[in-house]
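Chain by chain, the residues:
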Amino acid sequence: MNRQLSILLVEDSPSDAELIGIFLEQSPLHVHLHQVDSVTSSLDAIDQAAACGEPFNCVLLDLGLPDCSGIETYRRLAGHAPDLPVIILSGNTEDGLALQAVQEGAQDYLPKSEMSSSSLARAVRYAVERHERALGQKRLENLERDMQTAATIQKRLLPLVPADVPGIDIAARSIPAEATGGDFYDFFRLSNGRVGTMIADVSGHGLGAAFIMASTMGTIRSLVHNEADPGEILTAANQHVLAETGAEHFVTAFYGVIDPHRRELVFANAGHGGWLLHDCGTIESLDSPGGFPLGIVDDHSYQTSSLIRLKPNTSLIMLTDGIHEAIDSSETTFSMERVQAALRDLRGASAEELVEGTLAIVSKFCHPRLPLDDMTMVALRLREQT
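The shown structure was predicted, so the numbers you read here are calculated from the model rather than taken from an experiment.

I keep staring at the overall build of the chain and nothing clicks. Help me out?
Broken down by element type, the chain carries 10 helices and 17 strands. A buried classification covers 49% of the 386 residues belonging to the chain. The long-range fraction of contacts in the chain, counting pairs at least 24 apart against all pairs at least 6 apart in sequence, stands at 72%. When the accessible surface of the chain is split by element, carbon and sulfur atoms take 50% of a total near 18400 Å².

What follows is the structure, encoded as structure tokens:
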């Protein structure tokens, strides 16, 4: 421990205080020592040091002081500054009280009769290190609880897959690489039986990407309610992402609208394509020029595709790059070619079988390695009309 430690000595005996100062000077520790002679003055000193941004690292506390004595001395100080490690300096008749203080939270106690430069330095060093480890563990536990809360909230933000849309079989699944992720998908019931669907991927992953995901999701949902066409929705969403992130993040997105009765599809993409999987196994790429990711080019106008006629049993497939960029233990990438091969093998399957089957193949490929990026897949299969 080479850094300088700021230590508060609460001791009313001038001779004892002087001896303790000498011991600390002779120790290998780098110490700034501040001495007071009462509990009241110690509380003031703690507050002043914290206000100046130079809090104490440790307190050496004598239990017999003019304004307080016994275990109550420790309780007053610990109640005022619970995050300060305290070492009790006990006299000949105070070992029992010192032990009680340790049981109530003091880091250690040191009999004055056995004090030396080495014993005092060791007690201070261990007390500070133990206390900092405990605080670090507490912060980690709090962070883990916060992350679990954020993960729960994020899962609730993702929509339930609609199971009762006439003419369309729908499935979706998102697997975050961490507790929270930056992928999202959504479904929208539009007028005349049409269904809007979106998939998007925020750059990066983790909590920061999750915040951008939630904000972007809210904006897109409000835009969809106005029944604007896909290009207009992505154009407005682009301005929102730029305003929120200042070009520090970007969002790739694909938004499509299917009319199951007319068997028609229109879409717009922002750096994120989709595929049509035909019943014969042919895969058709859906992409349009100028589809920059959201949050990169200001005032960009996204274009809606021309009308695409769909055949029965055709599936619209959308997935994020965490799937085709998944890596196995030998650093081999899963690749788009493997994704397409998996889809061809699953042709004719239901939407849920397409999603779960593809993700199972990716997971088997990566095992035992865990995903490095969020993986999300959406499938909408056009049913035969009855």
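So what exactly am I meant to see when it comes to the sheet that holds strand S11 (residues 251-259) here?
Within a beta sheet, neighbouring strands are joined by backbone hydrogen bonds and run either parallel or antiparallel to one another. The antiparallel open sheet is built from 5 strands, whose spatial order is S9-S10-S11-S12-S15. A strand with exactly one partner marks an edge of an open sheet, and here the two such strands are strand S9 (183-189) and strand S15 (308-309). Pairing geometry for strand S10 (residues 195-202) and S11, over 8 bridges, is antiparallel. Paired with Met-198 across the two strands is Tyr-255, which belongs to S11. In the packing of helix H7 (residues 230-245) onto the sheet, the strands contacted are S10, S11 and strand S12 (264-270), and the crossing angle to S12 comes to about 20°.

Got a minute to help me understand the environment of Ala-106 in this structure?
Its place among the elements puts Ala-106 in the loop between helix H4 (95-103) and strand S7 (108-111). On the basis of relative accessibility, which here comes to 6%, the residue Ala-106 falls in the buried class. Taking the C-alpha atoms as reference points, Ala-106 and Ile-88, 18 residues apart in sequence, are found 7.2 Å from one another. Ignoring sequence-local partners within four residues, the contact set of Ala-106 consists of Tyr-74, Val-86, Ile-88 and Ala-101.

Explain the pattern of salt bridges to me, please; I cannot follow it from the model alone.
Pairing between side chains becomes possible if they bear opposite charge and their charged atoms approach one another. For the structure shown, the criterion picks out 12 salt bridges. Across the salt bridge formed by Arg-189 and Asp-164, the nearest N and O atoms sit 2.4 Å from each other. With Arg-189 in strand S9 and Asp-164 in the loop between helix H5 (117-157) and strand S8 (168-175), this pair connects stretches of sequence that are 25 residues apart. Each member of the pair, Arg-189 as well as Asp-164, is classed as exposed. Here Arg-221 ties to Asp-186 by a salt bridge, and the two come within 2.5 Å at their closest N and O atoms. Here Arg-221, found in helix H6 (residues 207-224), pairs with Asp-186, found in strand S9; they are 35 residues apart in sequence, far enough to count as distant. We classify Asp-186 as buried; its relative accessible area is 4%. When salt bridges with common partners are traced through the structure, they connect Glu-11, Asp-16, Asp-62 and Lys-112 into a single cluster.

About the criteria used
- Residues numbered from 1 in each chain as written.
- Predicted model: local features only at pLDDT ≥ 70, side-chain atom pairs only at ≥ 80, totals over all residues.
- Heavy atoms only, no water.
- Helix = DSSP H or I, 4+ residues; strand = E, 2+ residues; numbered from the N terminus.
- Buried < 20%, exposed > 50% of the residue type's maximum accessible area, 1.4 Å probe, protein only.
- Contact = heavy atoms within 4.5 Å.
- Areas by Shrake-Rupley, 256 points an atom, 1.4 Å probe, with all protein chains shown as cover.
- Pairing = 2+ DSSP bridges.
- Axes fitted to C-alpha atoms, helices over the stretch in contact; angles between N-to-C directions.
- Salt bridge = Lys/Arg side-chain N within 4 Å of Asp/Glu carboxyl O.

Function-wise, these values are silent; they only describe arrangement.
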